[in-house]
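Listed below are the residues making up each chain.
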Amino acid sequence: DMGGHDTYMHKEISEQPDAVDRVLRGRIDDRFSTVHLGGLNLDAREARGVRRIKILGCGTSYHAGLIGAQLIEELARIPADAEPASEFRYRNPVVDPDTLYVAVSQSGETYDVLAAVQELKRKGARVLGVVNVVGSAIARETDGGVYVHAGPEVCVVSTKCFTNTVVSFALLALHLGRIRDLSVADGKRIIAGLRRLPEQISEILATEGDIEKLAAQYAQASSMMFIGRVRGYPVALEASLKLKEISYIHAEAYPASELKHGPLALIEPALPTVAIVPDDDLLEKNRAALEEIKARSGPILAVAHQEQEKADHTIVVPKNETELDAILMGIPLQLLAYHTALALGRDIDKPRNLAKSVTVE
Ligand code: F6R
C-alpha cells in the first residue's frame, strides 16, 4: 500500500519525520543526558575498554557507517572508521580483541556483511549490529546491537533507513560518549538536537516543489559531481549513489579538497556540481572550492545553511548541532534524485540490475 504516494520511494522519503521519531522514542534519558539502548549487550566497563570501532556495511549502509564513525570519534573520542564489508572480508584483516566491530544492514541479510560477521565471530571478536529488519540473519548472529526502527522499506533504494541508521549511530555515539568523556552539557545539547530532527526534516520535505523544479534542469546532464568535506563527504557519496541508482545519470563523489588533485579537469559548463556547504568551521574552505568551480564555468547547486553567492542555486536546510548536520543535508538530495529519475521516466522503485537485498557473494 503506497498510502496515496505514486511510488514507495516517495512514501518512504515522506515517512522520515515519523521514522526518526520512532528511533528516538523510549531511548532518551534526560536525567543523565544519555540514551538507553536495550539490546546493546555491552556494559559500561566493557564500553570503556573499547579501543577502536570498525564499522562494516555495503552501499548505503556503508555510507551511513562513514557518518557513524565520525559521530563516534566526535562524541565518544574512540578512533572509528567504516569499510565496505566485502573489502574487509577479502583482505585478511587483523582482528583485534580491543576493537568493537559494528555490522550495518537494512535487510540484515546482505551476504558480504553476514560473512564478515561470521568470520569475526569465528576469530572471537565482539560484533554489534545496526540493523533494520528485526530477527534477520545479521541481527541473530551479532552479540547485540541497535535496531534502526525505520519500518519496512520496499523501494529497492534506501532512504528512510539511511537516515534512521545515521540517527542510530548518533545514539550509540552519545551513549558511548556519556560513559566516557562527553559532558552533561554536550549530552543535553545533542539530545536537544536529535529532538529537533523530525520537525526540521518536515521543513525540508515542504520544499519539495522547489527541488522538483531544479531536478527538471539537472535531468538534462549526462554526468554530475558531488563534493563535500569531512561531515559532508559521506553525504556527497550517498547522494551520488542515489542519483546513479535511480536516474542512471553518471555521478562521482569527491572530497572537496581532492578536486585540485585531478577531478577539476572535468569541470566545464556541461558538468554540474552539487556541493555540501554546512555552516561549520570549514565554511570558508568550502566556499573556496565553489570559487574554483565557478572560475571554470561549472554550474553549482549548493546544499547549505545560507544562500551561497557562488552557487547558481542553493537549497537552504535548517541548522542543527554541527555534529548532526549531515543527517539533514542528505534529505533534499534524496528528493533531487527522485525528481530527476521521475523526469527521465525511470522505474524508480525497481531500478534496472538491482535487488533489494543482495544475498549472494
Ligand atoms: C542503496 C541500496 C544498496 C544497499 C546495500 C546494502 O540505495 O539500497 O546499496 O544499501 O545493498 O543493503 P543492506 O543495508 O540491506 O545490507
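Every value quoted in this text rests on a predicted model; they were computed, and no experiment measured them.

Each value, and the rule that gives it
Residues numbered from 1 in each chain as written. Predicted model: local features only at pLDDT ≥ 70, side-chain atom pairs only at ≥ 80, totals over all residues. Heavy atoms only, no water. Near = heavy atom within 4 Å. Polar contact = N/O pair within 3.5 Å; in protein donor to acceptor, adjacent residues only side chain to side chain. Areas by Shrake-Rupley, 256 points an atom, 1.4 Å probe, with all protein chains shown as cover. Helix = DSSP H or I, 4+ residues; strand = E, 2+ residues; numbered from the N terminus. Nonpolar A, V, L, I, M, F, W, Y, C, P; charged D, E, K, R; others polar. Pairing = 2+ DSSP bridges. Axes fitted to C-alpha atoms, helices over the stretch in contact; angles between N-to-C directions. Phe/Tyr/Trp six-rings, centres within 6.5 Å; stacked < 30°, edge-to-face > 60°. Lys NZ or Arg CZ within 6 Å of the ring centre and 35° of its normal. Buried < 20%, exposed > 50% of the residue type's maximum accessible area, 1.4 Å probe, protein only. Contact = heavy atoms within 4.5 Å. Core = buried A, V, L, I, M, F, W, Y, C linked by side-chain atoms within 4.5 Å. Parallel < 35°, antiparallel > 145°, perpendicular 65-115°, else oblique.

## Digging into the site of the ligand
- Residues in contact with the ligand amount to 13 residues; listed here are only the nearest, Ser61, Ser105, Gln106, Ser107 and Thr110.
- Here an oxygen atom of the ligand sits 2.6 Å away from a polar atom, N or O, in the side chain of Ser105.
- Here an oxygen atom of the ligand sits 2.7 Å away from a polar atom, N or O, in the main chain of Gln106.
- When isolated, the ligand has an accessible area of 410 Å², and the protein chains bury 90% of it.
- Contributing elements (two or more residues each) for the shell around the ligand: α4 (59-76) and α11 (232-247).
- In terms of residue class, the shell around the ligand is made up of three nonpolar, eight polar and two charged.

## Observations concerning the sheet that holds strand β5 (residues 99-105)
- An order of β4-β3-β5-β6-β7 is seen for the five strands of this open sheet, with the pairing classed as parallel. The outermost strands of the open sheet, each flanked by one partner alone, are β4 (80-84) and β7 (144-147). Across the sheet, the mean angle separating the axes of adjacent strands is 20° when strand polarity is ignored.
- Of the pairings in the sheet, the one linking strand β3 (residues 52-57) to β4 comprises five bridges and is parallel in character. In the strand pairing of β4, Ile53 is matched with Ala80.

## A closer look at the packing of aromatic side chains
- The tally for this structure, following the rule as stated, stands at one aromatic pair.
- Between Phe88 and Tyr101, the ring centres sit 6.1 Å apart and the planes meet at 50°, which makes this aromatic pair tilted. Of this pair, Phe88 sits in helix α5 (residues 85-90) while Tyr101 sits in strand β5; the two residues are 13 residues apart in sequence, bridging distant segments of the chain.
- Taking NZ or CZ as reference, Arg352 lies 3.9 Å from the ring centre of Tyr248, over its face.

## Considerations on the side chain of Asn286
- Note on placement: Asn286 falls in helix α12 (residues 283-295).
- The class for Asn286 is buried, based on a relative accessible area of 4%.
- Not counting the four nearest positions on each side in its chain, Asn286 is found in contact with Arg229, Ala256, Ile276, Val277 and Pro278.

## Section: the nonpolar core
- Grouped together as the largest cluster of nonpolar side chains are 90 residues, with contacts concentrated most on Ile53, Ile72 and Leu194.
- The biggest single contributor to this core is helix α8 (residues 160-179), with twelve residues.
- Not counting the four nearest positions on each side in its chain, Ile53 is found in contact with Ile72, Ile78, Pro79, Ala80, Asp81, Thr99, Leu100, Val102 and Leu176.
- If you look at the next biggest cluster of nonpolar residues, it comprises 17 residues, including Leu259, Ile267, Ile300 and Ala302.

## Quick notes on the packing of helix α2 (residues 16-24) against helix α9 (residues 184-205)
- Close contact between α2 and α9 brings their axes to 8 Å; oriented N to C, the two are set at 170°. As the angle between them shows, α2 and α9 are arranged roughly antiparallel. Along the contact surface, α2 presents Gln16, Pro17, Val20, Asp21 and Leu24, while α9 presents Leu194, Arg195, Leu197, Pro198, Ile201, Ser202 and Leu205.
- Taken together, the residues of the contact of α2 with α9 break down into eight nonpolar, two polar and two charged.

## Thoughts on the environment of Tyr147
- Its location among the elements puts Tyr147 in strand β7.
- Overall, Tyr147 belongs to the partly exposed group, its relative accessible area being 27%.
- With 47 residues separating them along the chain, Tyr147 and Leu194 place their C-alpha atoms 17 Å apart.
- Aside from chain neighbours lying at most four places away, what touches Tyr147 is Val23, Arg27, Val131, Asn132, Val133, Val134, Gly135, Ala139 and Ser168.
- Among the polar contacts made by the side chain of Tyr147, one reaches the main-chain amide nitrogen of Gly135 at a distance of 3.0 Å.

Purely spatial values, then, with no claim about function.
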